[in-house]
Amino acid sequence: MLTRTLDDGSGDVSFSHTFQTTGSHRVTARIESDDAFDENDVFRRSVSVVDRPRVLYVSRGDYPLLDYLRTVYDVRTASSVPADLSPYYAVVTQNLPASALGHTEALQRFVIDGGGLVVAGGDRAFENGGYGRHAFGSLLPVSTGESGGSSANVVLAIDVSGSARSGLGTQKAIALDVLSQLGDGNRVGVVAFNDQAYRVADLRTLGNARADTRDLIQRLTSGGGTDIAAGLRGAGDMLGEKRGSVILVSDGFSNRGAATNAAATLGDAGTRVISVGVGQTTDEQTLRRIADASGGTYYHADETNRLSLQFGDSAHRYQGSGLTVVDPDAFATAGVTLRSNPGRSNAVSVKPGADYLVATGDGTPAVASWNYGLGRVLTVTTYGADGGLDGLLSRPDSLLVTKSVNYVIGDPERKRSGVTDVPDTRVGEPTTVTYRGSSRPSVDGLTFRAAGDGVYRAEVTPTRPATPRC
């Protein structure tokens, strides 16, 4: 038991613990105080401890990454990809040319069927290793060769409601700053919204229309109620059948449920929402949920320069001092602090539909990921003078490496049978029970439905807290 006293009644208590046995363990946090409400003085969380996932490391060089992986995973090594990958949860390759990969077709089947893949670059990988001319390149979220600039479909959705009136000048300034980050090759449209959406500028190539688009944004006036969902639907209507991105500029004060549902609809159609919070007060929680529902990202108003990483060109290029997290909400980058600067990077560009996670100081992609079939693939294309990952293997940067491998591994129990998983929830809130086994389970009060090969799911709404166990 760990006990800490907070003299001023506020603060954080952090701790670490190493479990000695696998299985489910309950962590209980209890506050002992004389506060007015005792309902929230106890918090319980279940932790599932599993055996170390088995990972295959494939390389023909001697790099510190191998030793680092061995501290976290059950690692086996090979000089090329073998034909049988069934024992592994993930494959990690490092600085390996396409000609030395081995059984590429087996690796492709492995990922399609749910396996994970991390590809670390170097002076013999990506553009230096012939990935662009090899079937291996189709697996990756990046293309070899420098990008010629973005040519995406982008709709700016600008909040001009009454709640924005006092800060409309700021909102327009942020919208203009967003516009300045977009490369000339993008097709850009503008929608303004209050309790309904208004077409300000239809989609058109930005290069020759930049001055006119700026003028139209500067002319916007405010008034009316706030309905972010209407603005998102208006942006979706402008895109029509095209996939693209909606950049939402708002303070976030609106019906959260409706806005989140509208964002999820856009996400299902292949369009993500990038929300930018502005105003003296901002409902960041709503703006984050909107972005998350579509697979997008939330940025503060002072972070809009990162948009040039995704939508810029040679004239609108991001300049930083080192590695920069582009998507702070992704699994691999959430909570990550980067201080290292390996100094070199492969010449790659992020493919459409992939997630751009980390950039180098000159805006070159350093980390990117995407789903491939049922599996996940992540690339690390920044490296040091020795071809290794340099400072990325030292704290605090090493958290990025661990989370990247964890991301591609996914569920560390997916190869086991007879496993039940129930996410944390609250009394009265529904949750999903997932069972993996050879046959459908029979449980009183629950109806399990097949959700895949050997996967069954049921909905349950708890009526009381779980009974504490010692």
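Residues numbered from 1 in each chain as written. Predicted model: local features only at pLDDT ≥ 70, side-chain atom pairs only at ≥ 80, totals over all residues. Heavy atoms only, no water.

1. Quick word on the overall build of the chain
Of the regular secondary structure elements, the chain holds nine helices and 24 strands. Relative to a compact globule of 470 residues, whose C-alpha radius of gyration would be 23 Å, the chain shows 24 Å and is just as compact. In terms of principal-axis extent, the alpha carbons of the chain reach across some 65 × 65 × 50 Å. Relative to its full complement of 470 residues, the chain shows a buried share of 47%. (Helix = DSSP H or I, 4+ residues; strand = E, 2+ residues; numbered from the N terminus. Rg over C-alpha atoms; globule rule 2.2 N^0.38 Å. Buried < 20%, exposed > 50% of the residue type's maximum accessible area, 1.4 Å probe, protein only.)

2. Some remarks on the sheet that holds strand β9 (residues 187–193)
Spatial ordering of the open sheet is given by β10-β9-β8-β11-β12-β13, a layout of six strands whose pairing is mixed. Looking at strand neighbours, the two that pair on one side only are β10 (197–205) and β13 (298–300), the edges of this open sheet. Averaged over all pairs of adjacent strands, the angle between strand axes in this sheet comes to 15 degrees, irrespective of strand direction. As paired strands, strand β12 (residues 272–277) and β13 are joined by three bridges and run parallel to one another. Bridge pairing links V276 to Y299 in β13. With respect to the sheet, helix α3 (residues 168–181) is in contact with β8 (153–159), β9, β11 (245–250) and β12, its orientation differing from that of β8 by roughly 170 degrees. Together, β8, β9, β10, β11 and β12 form the strand contacts of helix α5 (residues 228–239), whose direction differs from that of β10 by roughly 35 degrees. (Pairing = 2+ DSSP bridges. Axes fitted to C-alpha atoms, helices over the stretch in contact; angles between N-to-C directions. Contact = heavy atoms within 4.5 Å.)

3. A look at the pattern of salt bridges
On inspection of all chains with the given rule, the structure shows 13 salt bridges. With a shortest N-O distance of 3.9 Å, R70 and D67 are connected by a salt bridge. Placement of the pair is R70 and D67 together in helix α1 (residues 64–70), with a separation of three residues, close to one helical turn. Linking R210 and D184 is a salt bridge whose minimum nitrogen-to-oxygen distance equals 2.7 Å. In this pair, R210 sits in helix α4 (residues 206–218) while D184 sits in the loop between α3 and β9, placing the two residues 26 residues apart along the sequence. On the basis of relative accessible area, D184 is assigned to the partly exposed category, the value being 31%. Connected through salt bridges with shared partners, the residues R54, D74 and R76 form a single ionic network. (Salt bridge = Lys/Arg side-chain N within 4 Å of Asp/Glu carboxyl O.)

4. Comments concerning the side chain of D159
Locating D159 in the fold gives a position in strand β8. Reaching out from D159, the side chain makes a polar contact with the side chain of S161 at a distance of 2.7 Å. Of note is the side chain of D159, whose polar atom sits 2.9 Å from the side chain of S250. (Polar contact = N/O pair within 3.5 Å; in protein donor to acceptor, adjacent residues only side chain to side chain.)

5. Here we look at the sheet that holds strand β14 (residues 324–325)
On the basis of which strands lie adjacent, the open sheet formed by eight strands has the order β4-β3-β5-β6-β19-β18-β17-β14 and mixed pairing. The outermost strands of the open sheet, each flanked by one partner alone, are β4 (74–78) and β14. Where β14 meets strand β17 (residues 355–359), two bridges bridge the pair, whose relative direction is antiparallel. Looking across to β17, one finds that V325 is bridged to V358. Contacts between helix α2 (residues 104–112) and the sheet are confined to β5 (90–94), β6 (116–120), β18 (365–372) and β19 (375–380), with β19 contributing the most and set at about 120 degrees to the helix. Helix-sheet contacts for helix α9 (residues 398–409) involve β3 (54–58), β5, β6, β17, β18 and β19, and the interaxial angle to β19 is about 155 degrees.

6. What to know about the environment of L139
Mapped onto the fold, L139 is located in the loop between β6 and β7 (142–144). Spatially, the C-alpha atoms of L139 and S340 are 28 Å apart, while their sequence positions differ by 201 residues. Setting aside its immediate chain neighbours within four residues, L139 contacts L107, Q108, V111, L117, W370, Y372 and V377.

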